[in-house]
Amino acid sequence: MTPVAPDRPARADELAAPWSLAVEDVLRAAGGSTVGLTVLEAGERLARDGRNELPEPPQPSTLARLLSQYADVLIYILIAAAVLKAITGDWVDFAVIVVVIVATGLIGFIQEGRAVSALAGLRKMQSLSAQVRRDGDWGVIDSATLVVGDVVRVRSGDRVPADVRLLSSAQLQVDESALTGESVASDKSDDVNDPDVSIGDRTSMLFSGTIVTAGTGEGVVVATGGDTEIGRISALVAEQDAMDTPLARQLEHLGKQLSVLIGVLAVVMLLVGRFVHGLDVDELIDAAIGFAVAAVPEGLPALVTITLALGVQQMARHRAITRKMSAVETLGSTTTICSDKTGTLTQNEMTARTVVTARGTYTVEGTGYDPAGRVVTAHGGTADLAAHPDLAAFVLAVGLCNDAHVEPTEDGWRVVGAPTEGALDVLAAKSGARTSDAVRVSEVPFDSGHKFAATLDDVPAGPAYERATRVVHAVGAPDRLLDRAHTERSADGVVRPLDRAAWDDRIDALSARGLRVLAAAVRPAAGVDGITLDDLDDGLTFLGVVGIVDPPRPEATAAIAEAHSAGIRVKMITGDHRGTATAIARELGIAPEHGKVPALTGADLQAMDDDELRAVVRDVDVYARTSPEHKLRIVRALQSHGEVVAMTGDGVNDAPSITRADVGVAMGIKGTEATKEAADIVLADDNFATIERAVEEGRRIYDNIRKAVVFLLPTNGAQSLVILVAVLAGLALPLSPVQILWINLATAITLSLTLAGEPAEPGIMKRKPRSPTEQVLSSRAIAVVLIASVILGAATLAVFVLERDRTGDYAVAQTSAVMMLALGQLAFLLNCRLLNGSAFTVRVLTGNRSLWISAGALLVLQLLFTYAPFMNVWFDSTPIGLHSWLLTAGIAVVVFLLMEAAKAVLRRVGDRDGAGS
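For clarity, every value in this text was computed on a predicted model and none was experimentally measured.

(A) Local environment of the overall build of the protein chain. For the protein chain, the count of helices and strands is 32 helices and 27 strands. Scored against the burial criterion, the 917 residues of the protein chain give a buried share of 54%. Partitioning the contacts of the protein chain with sequence separation of at least 6, the portion at a separation of at least 24 is 71%. For the protein chain, the computed accessible surface area is about 36400 Å², with 58% contributed by carbon and sulfur atoms.

(B) Broad picture of a nonpolar patch on the surface. A grouping of V860, L864, F870, V873 and W874 is seen on the molecular surface, where their side chains present a nonpolar patch of about 530 Å² in accessible area. Every element with two or more residues in the nonpolar patch is listed here: α30 (849-867) and α31 (869-875). Of the residues forming the nonpolar patch, the biggest block, three residues, is contributed by α31. Relative to the assigned elements, V860 resides in helix α30. Residue classification places V860 among the partly exposed positions, given a relative accessible area of 48%.

(C) Helix α28 (residues 779-807), seen in detail. Compared with the 42 Å implied by 1.5 Å per residue over 29 residues, the 42 Å span of α28 between its first and last C-alpha is a close match. Positive backbone phi, approximately 70°, marks G808, located one or two places after α28.

(D) Representation of the pattern of salt bridges within the structure. By the definition in use, this model includes 35 salt bridges. When the shortest N-O distance is used, the salt bridge between R553 and E555 registers 3.9 Å. The exposure class of E555 is partly exposed, given its relative accessible area of 27%. Residue E900 pairs with K903 through a salt bridge whose shortest N-O separation is 2.9 Å. Here the residue E900 and the residue K903 both occupy positions in helix α32 (residues 882-916), the gap between them amounting to three residues, near one helical turn. The same class applies to E900 and to K903, which are both buried.

(E) A look at the sheet that holds strand β8 (residues 320-322). Spatial ordering of the open sheet is given by β8-β27-β26-β25-β9-β22-β24-β23, a layout of eight strands whose pairing is mixed. At either margin of the open sheet sits one strand with a lone partner, and together these are β8 and β23 (600-601). Judged from the four bridges that link them, strand β9 (residues 336-339) and strand β25 (residues 645-649) form a sheet pairing that is parallel. Its bridge partner lying in β25, C338 is registered against M647. Against the sheet, helix α19 (residues 578-588) engages β22 (569-573), β23 and β24 (622-624), with an angle of about 155° to β24.

(F) Representation of the packing of aromatic side chains in the model. All told, the structure shown has eight aromatic pairs when counted by the stated rule. Three or more aromatic residues joined by ring pairs make a cluster, and in this case those are W742, F865 and F875. Stacked on the ring of W138, the Lys or Arg R153 has its end atom at 4.2 Å from the ring centre. A cation sits over an aromatic face here: R489 above Y465, 5.7 Å from the ring centre.

(G) Structural view of the pairing of β9. Both faces of β9 are covered, namely the face carrying T336 and C338 and the face carrying I337 and S339. The pairing of β9 with β22 spans four bridges and is parallel. Looking at the pairing, S339 lines up with M572 of β22.

(H) Region of the structure containing unusual backbone geometry. Here the phi dihedral of K451 falls at roughly 60°; this positive angle occurs in a residue that is not glycine. Of note, K451 is situated in the loop between β15 (439-444) and β16 (452-459). With a phi angle near 55°, R625 is a residue other than glycine that sits in the positive phi range. Checked against the element boundaries, R625 lands in the loop between β24 and α22 (628-640). Residue R625 is classed as buried on the basis of its relative accessible area of 9%.

(I) Representation of the packing of helix α14 (residues 389-400) against helix α15 (residues 419-431) in the model. Here α14 crosses α15 at 140°, and the two axes come no closer than 8 Å. Classified by the interaxial angle, the pair formed by α14 and α15 is oblique. Crossing geometry of α14 relative to α15 is assigned as left-handed. Taking contact as the criterion, the partners of F394, V395, V398 and G399 in α14 are, on α15, L424, L427, A428 and S431. The residue makeup of the contact of α14 with α15, split by class, is six nonpolar, two polar and no charged.

(J) Representation of empty space enclosed by the protein in the model. Taken as a whole and judged by the stated rule, the model has one cavity of 30 Å³ or more. Each pocket or cavity is described by its volume, and for the largest cavity that value is around 80 Å³. Lining the largest cavity, in full, are L179, T180, S198, I199, G200, G575, R625, T626, S627 and P628. The residue makeup of the lining of the largest cavity, split by class, is three nonpolar, six polar and one charged.

(K) Representation of the nonpolar core. Counting 139 residues, the largest nonpolar core has F542, V545, M572, I681, F688, V710 and L777 as its most contacted members. No other element matches helix α25 (residues 688-729), which puts 19 residues into this core. Beyond its immediate stretch of four places on either side in the chain, I681 contacts M315, A320, I321, T322, A327, L331, V663, G664, V665 and A666. Counting 40 residues, the second largest nonpolar core, distinct from the first, contains A397, L400, A433 and A438.

(L) Structural view of the pairing of strand β1 (residues 129-134). Note that β1 and strand β2 (residues 137-142) share six bridges and pair antiparallel. Note on β2: the bridge partner recorded for R133 is W138. Hairpin connection of β1 to β2: two residues between the antiparallel strands, including D135 at a positive phi of 55°. When β1 meets strand β3 (residues 151-155), the two strands line up antiparallel, connected through three bridges. Within β3, the residue paired with R133 across the bridge is V151.

(M) Up close: a negative patch on the surface. A cluster of like negative charges, contributed by D534, D535, D537 and D538, occupies part of the molecular surface. Structurally, D534 is set in the loop between β20 (516-524) and β21 (540-549). Looking at D534, the relative accessible area reads 62%, which means it is exposed.

(N) Structural context of the packing of α25 against helix α29 (residues 810-833). Close contact between α25 and α29 brings their axes to 10 Å; oriented N to C, the two are set at 155°. By the criterion of interaxial angle, the relationship of α25 to α29 is roughly antiparallel. Two packed elements cross with a definite hand, and for α25 against α29 that hand is right-handed. Contacts between α25 and α29 pair K707, V710, F711, P714, T715, A718 and Q719 from the former with L821, Q825, F828, L829, C832 and R833 from the latter. For the contact of α25 with α29, a count of residues per class yields eight nonpolar, three polar and two charged.

(O) Expanded view of the side chain of R907. On the secondary structure map, R907 appears in helix α32. One buried charge, R907, has no salt-bridge partner; the nearest side chain with opposite charge is E900, at 5.1 Å. In contact with R907, other than residues within four places in its own chain, are R780, N836, G837 and S838.

About the cut-offs
- Residues numbered from 1 in each chain as written.
- Predicted model: local features only at pLDDT ≥ 70, side-chain atom pairs only at ≥ 80, totals over all residues.
- Heavy atoms only, no water.
- Helix = DSSP H or I, 4+ residues; strand = E, 2+ residues; numbered from the N terminus.
- Buried < 20%, exposed > 50% of the residue type's maximum accessible area, 1.4 Å probe, protein only.
- Contact = heavy atoms within 4.5 Å.
- Areas by Shrake-Rupley, 256 points an atom, 1.4 Å probe, with all protein chains shown as cover.
- Patch = residues over 30% accessible without salt bridge, like charges linked within 9 Å, V, L, I, M, F, W, Y side chains within 5 Å.
- Salt bridge = Lys/Arg side-chain N within 4 Å of Asp/Glu carboxyl O.
- Expected span 1.5 Å × (residues − 1).
- Pairing = 2+ DSSP bridges.
- Axes fitted to C-alpha atoms, helices over the stretch in contact; angles between N-to-C directions.
- Phe/Tyr/Trp six-rings, centres within 6.5 Å; stacked < 30°, edge-to-face > 60°.
- Lys NZ or Arg CZ within 6 Å of the ring centre and 35° of its normal.
- Parallel < 35°, antiparallel > 145°, perpendicular 65-115°, else oblique.
- Left-handed = near helix turned anticlockwise from the far one by under 90°.
- Nonpolar A, V, L, I, M, F, W, Y, C, P; charged D, E, K, R; others polar.
- 1 Å grid on protein atoms, 1.4 Å probe; cavity = no way out; pocket = protein on both sides within 12 Å on 5 of 7 lines; lining within 4 Å.
- Points joined across faces, edges and corners; volume = space filled by probe spheres on them.
- Core = buried A, V, L, I, M, F, W, Y, C linked by side-chain atoms within 4.5 Å.
- Lys, Arg positive; Asp, Glu negative; His and termini not counted.
- Charge placed at Lys NZ, Arg CZ, Asp CG, Glu CD.

What follows is the structure in structure tokens.
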């Protein structure tokens, strides 16, 4: 073909669907020729179009990332508390609060800053060098300098350097699983495809970043850099806005409510103090600052962060690595898990499941590339090859007409060669076939044109053949071998006429189960020294078929059942074919045998607008032949219904939807770098069951955060009420601001952290997911907070008044009031341990070792506060006697009993309302 003139530019409009154009038209549209570009042309295009690299979007600076950690209403409340401390001149207290603020942000910054962006992982997938033809000669260049119109060459083991339209190929197969989700390598040729076919069916295209597993090919570059399929996915990742987590939204709402409440009560207190009791301005300012310090829950942000950080460590022990702390809680609120099939629900290891010969059906045990397992008969016994010559001939054929083998590694067994051939090699090993004793004489390689491979083998005497012989073995597509066969091998080894109709029925039955079906045939070849494709037009004896599948992970079925019992929907979204996806989904328990809505394909989704998709998205459990854009639309459609969506996957095609989902989960072993870096959580063991354990951990963490909030707020509420009532009643302040800070600090570093390590409550995975709109404080929890605030506040005021009247010593009364708050909160902590049930059980004292450690630490701190002379000076405290201890301890027991009575009433009311609704 005559080369195109150097100034002929590539036509982007004509290259919109290069797989649908004839070779000559593609070359014309790309401005190239079969002999390649000249160096001059390539240089001009490189200068015009840019390098063959993914564009790098602007990244926030380190300072911006750090400051973003403080964009939280609760942090603002902390800052307000620090400012108030600075106003009062309490610089020690000011320093403590500032340290809490800084530490809270740094923990999140360090945890989230350990990984680079997902786009960096996508760039790693691009080839480093490429074989290109320029000035008529072949050479190796940096793949970043490729341009549209370049002619490139690929062979087995190469990573495709750009999006390429094939000009010619020979037995070319490409692993596109990272891009399409298909576990089987795709056959490639230069045949024209329909313009509307999905990515997985564009057989005339090679896509940047995919890997050639067999054969060779030449093609013309039709897209580079950001215009490639990987480039489009990169853009999709960059376009996705980060989703606020349910917890973040709820805490922000809670912070705003607290801010408004504090402001309103402060104004009321100031007005009453001024106009009712005639307090002067200085007294009012002192009271207002004391009230604000008491009301602001300065320990809450730090407590939430620490609880999440402890959850991150706990999940790491369960093989789930958390890149974003907030994802821990979000996963616990998940209502729908959208999972890729290949490598996530399945092992991404092709496995022979069923062998069918004229004699009958054999089942193959074991999964993956591990050769452990048996081939069993219909009666369940091991199929001995000597007693089953039909099976012996079949497994010998698939074992010899095969260039793959499996080998052990530290991480398990792996295949060297094509995955499908690896499955056949494992089948031969399980059956006990001695393929190593045979000698290959000649071969006809597999080609997508004729869809089978053949070998000429010298086979020793054995179960398949009574004496040593030379035969042709052929393995490939059943229809191609049936077309070339006129006979079949019967159960007793006798050759008889082929029953084509019976074999068609058997093949259809296997295909209906989602199995990929391959066939084997044989022909005697005594005296033959070599074979060609023309020698195999007829004369074959059909041996049987084998059904192959990428099997589900054994633990995934149980994990999906657990998810369903927890009220979590599981949906399969894959690039694989509808039949295969549906069969695997049914085996896993994702889709029922007869679902209300059938599986949808990418073509179905393409024909739907967003409203139509939203109408059916929750009813469909299986989506097949999907592209990255389709996965994004599915996630968005689910989120439009208020679903909290977790998206799992391992391929590049999963990265955009993983980024968009509320929580993205990637496979750590077989997942691509791009996917891992787009994810919030990475599963170190690639085990879907780990997700179910992570969901349980997330629910436990949310429960503990809720318990901590319910425990912490009454502390501030009680202190605020004490000061508010004192001002409204015209009394001296029962607690000074510095004493308020002390009790807050003492309980924050002791009792509050106890709840962060609470074990999961019984039946946590039997609950339905909480509503995304549900606040961190439910109506029942708010009632508990208000009641506890009143009881603790009343108890503190009562102790203050009683001890003041008994002793006449203001310091003793204040010190006893602080002790009442400490012991009252310890009692209330026991109430909070079983917030959803009764605490009248031995379990309230067991299961969390830190309970006793924190209680002991609190008592030690209170002893120091009460009896250490330097503490008496700093905090205006004083030693108290046995009477004060007995009084505060006795009232603390009453606090526990009253709160249990209140919880029981609230449970009864909630149950009655639930029954009536």
